[in-house]
Amino acid sequence: MHRALLGVARGEAVFGPRIAERVLAFFARTPAGAVPAAVPFPQLTDREREVLDLLAQGLDNASIARRLVLSEKTVRNRVGEVLAKLRARSRAEAVALARDAGLGSGTGTGTAPGRASGPA
């Protein structure tokens, strides 16, 4: 307590253990001056990016539908949206763009949080 009073007198901030833990956790996430990693294809939604990642892994619509628990029609729609947003003329072109951006490795890159992208 004495040390806390001396610290406040010197203009220091004194926090309780729970607040101190939250402050430290906040600053541990992004080091000072660091630029957060860029998300590939920011124009895509998380789900569209996830579909693109699975396309880049070589999965077809039926496999993507099973993996994401979606209908094949929904996957076709998402693929169409991805192609349009990326201005890609084909799936192959979209896959090439995705792989150039680091997607398709199967490590979960570019997928929505909590979603697995490894083999089923």
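**Examining the confidence of the model for the protein**
Note that predicted coordinates carrying low pLDDT should not be read in detail.
Step number 1: Taken over all residues, the pLDDT of the protein has a mean of 81, while the share at 70 or more is 78%.
Step number 2: Counted against residues more than four places away or in other chains, residues 109-120, with its pLDDT under 50, gives 27 contacts.

**Some thoughts on the environment of Thr74**
Step number 1: Within the secondary structure layout, Thr74 lies in helix α5 (residues 72-86).
Step number 2: Sequence spacing of Thr74 and Asn61 is 13 residues, and the spatial spacing of their C-alpha atoms is 9.3 Å.

**Digging into the pattern of salt bridges**
Step number 1: Here the structure, examined in full by the defined rule, presents five salt bridges.
Step number 2: The closest approach of N and O atoms between Arg49 and Asp46, which form a salt bridge, is 3.0 Å. Of this pair, Arg49 and Asp46 both sit in helix α3 (residues 46-56), three residues apart, roughly one helical turn.
Step number 3: For Arg49, a relative accessible area of 6% corresponds to the buried category.
Step number 4: Glu81 is paired through a salt bridge with Arg78; the nearest N and O atoms lie 3.3 Å apart. Of this pair, Glu81 and Arg78 both sit in helix α5, three residues apart, which is roughly one turn of the helix.

Conventions used here
- Residues numbered from 1 in each chain as written.
- Predicted model: local features only at pLDDT ≥ 70, side-chain atom pairs only at ≥ 80, totals over all residues.
- Heavy atoms only, no water.
- pLDDT = per-residue confidence, 0-100.
- Contact = heavy atoms within 4.5 Å.
- Helix = DSSP H or I, 4+ residues; strand = E, 2+ residues; numbered from the N terminus.
- Salt bridge = Lys/Arg side-chain N within 4 Å of Asp/Glu carboxyl O.
- Buried < 20%, exposed > 50% of the residue type's maximum accessible area, 1.4 Å probe, protein only.

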